[in-house]
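# Summary of the model geometry
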Amino acid sequence: MTTTQASRLLPALFEHVDNELPLKVLDLGPALPETVAFFSGFRCKLHFADLYPELPLRIEEDDSAEQSAGVEGLARRLEEALALPGDVSFDTVFFWDVLNFMSRDSIGVLVNKLRPHLHPGSRAHSFAVHSSRMETPQMYHGIVDDRNFSVRTRQSTPPDYQPHSQGELESLLQCFRVDRSVLLQDKRVEVLLKFRST
Amino acid sequence: MIGETIKIEGEITGAEDLVIRGSVKGTVDLTSHEVTVDETGKVEADIKGKVVVINGEVTGDIRGGEKVVISKSGNVRGNIIAPRVTLEDGAVFKGSIDMDPGASASTSKKPTPAAQPESATSNTPNLEVKSG
C-alpha cells in the first residue's frame, strides 16, 4: 500500500534548481515509479544506488585481519554497490534512513566514497531519530512531488538497525552540516543537510 | 522476434521493430524502431531504440529516442538515456537515468530515415545480425 506524507523540508531541496542546468541526484534507496515520474519533469541525471539490499554493511574483522583490511573490504563493497559515474558531482543526495542501518565506522567509509562526488552547493536529505530506542520503521519512501513523500510498507526488515540522532549524523557526515530539521509525529527527525568543506 | 530458445552473440541492427524472448549478448541498434525485451528475454547488451520496453532482464545501457519503459517484471542494471522514462511498480532498476523532457521535441524534428519499400518490410526479415 502506498500513501503520501507531507514534508516541510522537501521544498527547500528544489527551490534553488536552475532549470537551465541538469539536476544531478543520487538516490540511495530503491528506484520507485513515483520518484522517476517526479524527476522526469526536470532535466536531470538520476542515479539509483539502492544500499538496502547490500545490508549489512559492516567492517568485517577477525583475529587475523587488521582494521584497515576490514575498511578496505567495505570500501570495495560500497564502490561496487554505489557504482557512481566518475564525472558526476551531485546536487542532491537522498539517504532516506539507510544511515540508521549502518555503524559509525561504516558511515565514515561511505562518506569517503561520496565526497569526491559533491560540490559546495550539494544538499542532502536524511532521516534521523529523536530516540535511539525507536523500533525499526516498517516503511520506505519515494518522492511524489516537491512537497510530498510516498510511504510504502517494507516487505522485509533490513538488518543492523542502529539509529542515529541528528547530532550524531552531523558528526558522522563530515561533508554535510545540518541546515534544518523537523521532528515528525513518529519521533523520527527529517533532516536537510548542506555541504560543508572539511 | 528472437524466440525463447534462441541465443545470439553479436551486433543486431535493422529497420523494424524487434521483440526479444531469448538471450542476446552484444549490441542492439534499432534507433528508429521499437525494441521489446519480453519476460523471458535476457539481454547483456547496450540497446538503442526509438521506444524501448523492458519486461525481462537487461544488463547494459539503454538509449531511447522517445521513451524507455521498465514494466513491473523488468529488471535493469545499467544506464538509461531518454527524454522520458517510465518505471512501473515492481520494476527493479539500478544505475543512472539521464532525462531531458525538452529533448523529445528536438528528437521529433530530426529527419526520419527514408521509408523502406513495401516488399522489404512485409516479407523479408530486415534485421542484421553480425556475430561477435
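A count of helical and extended segments in chain A gives 5 helices and 9 strands. Listed by position from the N terminus, the elements making up chain A come as β-α-β-α-β-α-β-α-β-β-β-α-β-β. For chain A, whose C-alpha radius of gyration is 16 Å, the value lies close to the compact-globule estimate of 16 Å for 198 residues. Expressed along its principal axes, the backbone C-alpha trace of chain A runs to roughly 50 × 40 × 30 Å. Burial statistics for chain A: of 198 residues in total, 52% are counted as buried. Residue pairs in contact within chain A that sit at least 24 positions apart in sequence constitute 71% of those at least 6 positions apart. When the accessible surface of chain A is totalled, it reaches about 9,200 Å², and 45% of it is carbon and sulfur.

Let us look at the interface of chain B and chain A. Facing 14 residues of chain B, the contacting portion of chain A comprises 20 residues. In this assembly, chain B packs against chain A so that about 1,400 Å² is buried in total across both faces, 49% of it on carbon and sulfur atoms. Area buried by chain B at its contact with chain A is led by B:Leu87, B:Lys94 and B:Met99, which between them contribute 39% of it. There are 9 residue pairs in polar contact (both at pLDDT 80 or more) connecting chain B and chain A.

Residue and element names in this part refer to chain A. For the bond from Leu 55 to Pro 56, the omega torsion is 5°, close enough to zero to count as cis. Structurally, Pro 56 can be placed in the loop between β3 (44-48) and α3 (67-82). Positive phi is not limited to glycine here, since Asp 160 has a value of about 70°. On the basis of relative accessibility, which here comes to 23%, the residue Asp 160 falls in the partly exposed class. Even without glycine at this site, Lys 187 takes up a positive phi of about 75°. One can find Lys 187 in the loop between β8 (176-183) and β9 (188-195).

If you look at the biggest cluster of nonpolar residues, it comprises 91 residues, and the most contacted ones within it are A:Phe39 and A:Phe95. When residues no more than four places from it in sequence are discounted, the contact partners of A:Phe39 are A:Phe14, A:Leu23, A:Val25, A:Cys44, A:Leu46, A:Phe94, A:Ile143 and B:Met99.

Another aspect to go through is the confidence of the model for chain B. Do not read the fine detail of predicted coordinates wherever pLDDT is low. Residues and elements named next belong to chain B. The share of residues in chain B with pLDDT of 70 or more is 76%, and the mean pLDDT across the chain is 84. Confidence drops under a pLDDT of 50 for residues 105-125, and excluding neighbours within four residues, the segment shows 9 contacts in the predicted structure. Listed scores for the predicted complex are pTM 0.88 and ipTM 0.91.

All names here are of chain A. Most of strand β5 (residues 118-129) is tucked away, with 9 of its 12 residues classed as buried. Pairing analysis gives 5 bridges linking strand β4 (residues 90-96) to β5, with the strands arranged parallel. The residue of β5 that forms the bridge with Phe 94 is His 125. Note that the unit made of β4, helix α4 (residues 104-114) and β5 has a crossover that is right-handed. Note: β5 against β9, 7 bridges, orientation antiparallel. Bridge pairing in β9 links Phe 127 to Glu 190.

Residues and elements named next belong to chain A. For the structure shown, the criterion picks out 1 cavity of 30 Å³ or more. One number sums up the size of the largest cavity: a volume of about 30 Å³. Lining the largest cavity are Pro 30, Tyr 52, Trp 96, Asp 97, Met 139, Tyr 140, His 141 and Arg 154. The biggest single contributor to the lining of the largest cavity is strand β6 (residues 139-145), with 3 residues. Among the residues making up the lining of the largest cavity, the classes are represented as 5 nonpolar, 1 polar and 2 charged.

All right, on to the side chain of A:Ser126 then. Residue and element names in this part refer to chain A. One can find Ser 126 in strand β5. In this structure the side chain of Ser 126 is engaged in a polar contact, spanning 3.4 Å, whose partner is the backbone oxygen of Trp 96. Setting aside residues no more than four positions away along its own chain, Ser 126 makes contact with Phe 95, Trp 96, Leu 99, Leu 169, Val 189, Glu 190, Val 191 and Leu 193.

Rules used in this analysis
What you see as residue numbers is a count from 1 along each chain, following the sequence as written. Throughout, the order in which chains and ligands are written sets their labels, letters from A for the former and numbers from 1 for the latter. This being a predicted model, a pLDDT of at least 70 is required before a residue's local features are given, and a value of 80 or more before pairs of side-chain atoms are given or counted; all residues contribute to the totals for chains, interfaces and linings. As a convention, hydrogens and water are excluded, and side-chain values are obtained from all of the structure's heavy atoms. Labels follow the DSSP assignment, with helices taken as runs of H or I lasting at least four residues and strands as runs of E lasting at least two, numbered in each case from the N terminus. Throughout, radius of gyration means the C-alpha value; the globule benchmark is 2.2 Å times the number of residues raised to the power 0.38. Only protein chains enter the accessibility calculation, which uses a 1.4 Å probe. A residue is then buried if its area is under 20% of the maximum for its type, exposed if over 50%, and partly exposed in between. Here a residue-residue contact requires only that any non-hydrogen atoms of the pair lie within 4.5 Å. Shrake-Rupley sampling with a 1.4 Å probe provides the accessible areas, and residues are treated as covered by the protein chains on show and by no other component. Summed over both partners, the accessible area lost on bringing two parts together, with a 1.4 Å probe, is the buried area. In the analysis that follows, any N or O atom pair within 3.5 Å is treated as a polar contact, provided that within protein one partner can donate a hydrogen and the other can accept it, and provided that, for residues neighboring in sequence, both atoms belong to side chains. In this text, buried Ala, Val, Leu, Ile, Met, Phe, Trp, Tyr and Cys residues form a nonpolar core when linked through side-chain atoms within 4.5 Å. Scored between 0 and 100, pLDDT is the confidence that the predictor attaches to each residue. Here, a strand pair is defined by DSSP locating no fewer than two bridges between the strands. If the strands point away from the viewer and the path from the first strand over the helix to the second runs clockwise, then the crossover is right-handed. Here a cavity is any set of points on a 1 Å grid over the protein atoms alone where a 1.4 Å probe fits but cannot get out, and a pocket is any open set with protein on both sides within 12 Å along at least 5 of 7 lines; a residue lines the site when it has an atom within 4 Å of a point. Grid points are joined across faces, edges and corners, and a volume is the space filled by probe spheres set on the points. Amino acid classes used here: Ala, Val, Leu, Ile, Met, Phe, Trp, Tyr, Cys and Pro are nonpolar; Asp, Glu, Lys and Arg are charged; the rest, including Gly, are polar.

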